[in-house]
Amino acid sequence: EKESVEYLTEDEMRRFEALQPPSGSVLETAKDIFVFQMYTGLAYSDTMAFDISDYRWDGSMWRHNGERIKTGVPFVSSLLPPAVRVLEKYGMRVPHLDNADYNHCLKVLGPMAGIKVRMHSHLARHTFATYMLSNGAKIENVSRMLGHTNITQTQRYAKVLAESVHEEFNKMNEKLSKSKN
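So, here is what we can say about the structure in this document.

Parameters and conventions
- Residues numbered from 1 in each chain as written.
- Predicted model: local features only at pLDDT ≥ 70, side-chain atom pairs only at ≥ 80, totals over all residues.
- Heavy atoms only, no water.
- Helix = DSSP H or I, 4+ residues; strand = E, 2+ residues; numbered from the N terminus.
- Rg over C-alpha atoms; globule rule 2.2 N^0.38 Å.
- Areas by Shrake-Rupley, 256 points an atom, 1.4 Å probe, with all protein chains shown as cover.
- Pairing = 2+ DSSP bridges.
- Buried < 20%, exposed > 50% of the residue type's maximum accessible area, 1.4 Å probe, protein only.
- Phe/Tyr/Trp six-rings, centres within 6.5 Å; stacked < 30°, edge-to-face > 60°.
- Salt bridge = Lys/Arg side-chain N within 4 Å of Asp/Glu carboxyl O.
- Contact = heavy atoms within 4.5 Å.

### Considerations on the overall build of the protein chain
Phase 1: Scanning the protein chain from N- to C-terminus turns up eight helices and three strands.
Phase 2: Traced from its N-terminal end to its C-terminal end, the protein chain shows the element sequence α-α-α-β-β-β-α-α-α-α-α.
Phase 3: A compact globule built from 181 residues should have a C-alpha radius of gyration of about 16 Å, and the protein chain, at 17 Å, falls within 12% of that.
Phase 4: Considered along the principal axes of its C-alpha atoms, the protein chain spans approximately 60 × 40 × 35 Å.
Phase 5: Summing over all exposed atoms, the protein chain offers an accessible surface of approximately 10100 Å²; the carbon and sulfur share of this is 52%.

### With respect to the pairing of strand β2 (residues 62–67)
Phase 1: The pairing of strand β1 (residues 56–57) with β2 spans two bridges and is antiparallel. Opposite W57, over in β2, you have W62 as the bridge partner.
Phase 2: The loop that links β1 with its antiparallel partner β2 comprises four residues; one of these, G59, has a positive phi angle of about 100°.
Phase 3: In the sheet, β2 pairs with strand β3 (residues 74–78) via five bridges, with the strands oriented antiparallel. Each bridged residue has a counterpart across the sheet, and for E67 the counterpart in β3 is P74.
Phase 4: In textbook terms, the turn of a hairpin is the stretch between consecutive antiparallel strands, and for β2 and β3 this stretch comprises six residues, one of which, G72, has a positive phi near 75°.

### Observations regarding the environment of S179
Phase 1: Note that S179 resides in helix α8 (residues 151–180).
Phase 2: The exposure class assigned to S179 is exposed, which follows from its relative accessible area of 57%.

### Side note on the packing of aromatic side chains
For any pair of aromatic rings, the description consists of the separation of the ring centres together with the inter-plane angle of the planes.
Phase 1: Scanning the model with the defined rule gives six aromatic pairs in all.
Phase 2: The interplanar angle of 25° and the centroid separation of 6.0 Å between the aromatic rings of Y44 and Y102 together place this pair among those described as stacked. Separated by 58 residues along the polypeptide, Y44 in helix α3 (residues 44–48) and Y102 in helix α5 (residues 99–112) bring together distant segments of the chain. Each of the two residues, Y44 as well as Y102, counts as buried.
Phase 3: Seen from their ring centres, F50 and Y55 are 5.1 Å apart, and the 45° between their planes marks the pair as tilted.

### Quick look at the pattern of salt bridges
Phase 1: On inspection of all chains with the given rule, the structure shows seven salt bridges.
Phase 2: A salt bridge links D32 to K89, with the shortest nitrogen-to-oxygen separation between them at 2.7 Å. In this pair, D32 sits in helix α2 (residues 26–38) while K89 sits in helix α4 (residues 81–89), placing the two residues 57 residues apart along the sequence.
Phase 3: One salt bridge in this structure joins R68 and D46, with 3.1 Å as the shortest N-O distance. Note that R68 is positioned in the loop between β2 and β3 and D46 in helix α3, a separation of 22 residues in sequence.
Phase 4: With relative accessibility at 10%, the residue R68 sits in the buried group.
Phase 5: Through salt bridges with shared partners, a single network forms among E10, R14 and E17.

### Quick notes on the environment of E28
Phase 1: By secondary structure assignment, the location of E28 is in helix α2.
Phase 2: C-alpha separation for the pair E28 and Y102, spaced 74 residues apart in sequence, amounts to 11 Å.
Phase 3: When residues no more than four places from it in sequence are discounted, the contact partners of E28 are P21, P22, S23, K89 and Y90.

### With respect to the sheet that holds β2
Phase 1: In space, the three strands of this open sheet follow the order β1-β2-β3, with antiparallel pairing throughout. This sheet does not close on itself; its edge strands, each paired only once, are β1 and β3.

Take a look at the structure:
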């Protein structure tokens, strides 16, 4: 596993979600799939196999305990509102795109949203993990959401967040140093 993890910041997530590709275009489909992945943490293969009938409505959210297609590892999922909005747009289904076409579209969409990191389908999963951790989710729970076999796989996202915290301290240090002079 790589040590460094790229992900979208919350600002980049919002900019990506705000994109308005031509209605009915493959770019619109790719954008919607990526948004779905950003808010579910599902890998591409699990996203393409998504079936709402696997989920149960508990009165407030759609929930599912399943197994990842690639690894067979159990995971726990609940559908957050942005993911549900994508599903509602497509009749409670995830639209399908070939992985190569999907990744090609993401490379076009990223710059349109002012995103500098290389966009690819797995970036949505990285974004989900860092988003959940930065908003207070326990690392053990994020590990289970992602269907990781052990917490070590998930810890690399926490390391990224620690680096981000240090960057914030550096910015504040610079600001305070300037105001002192």
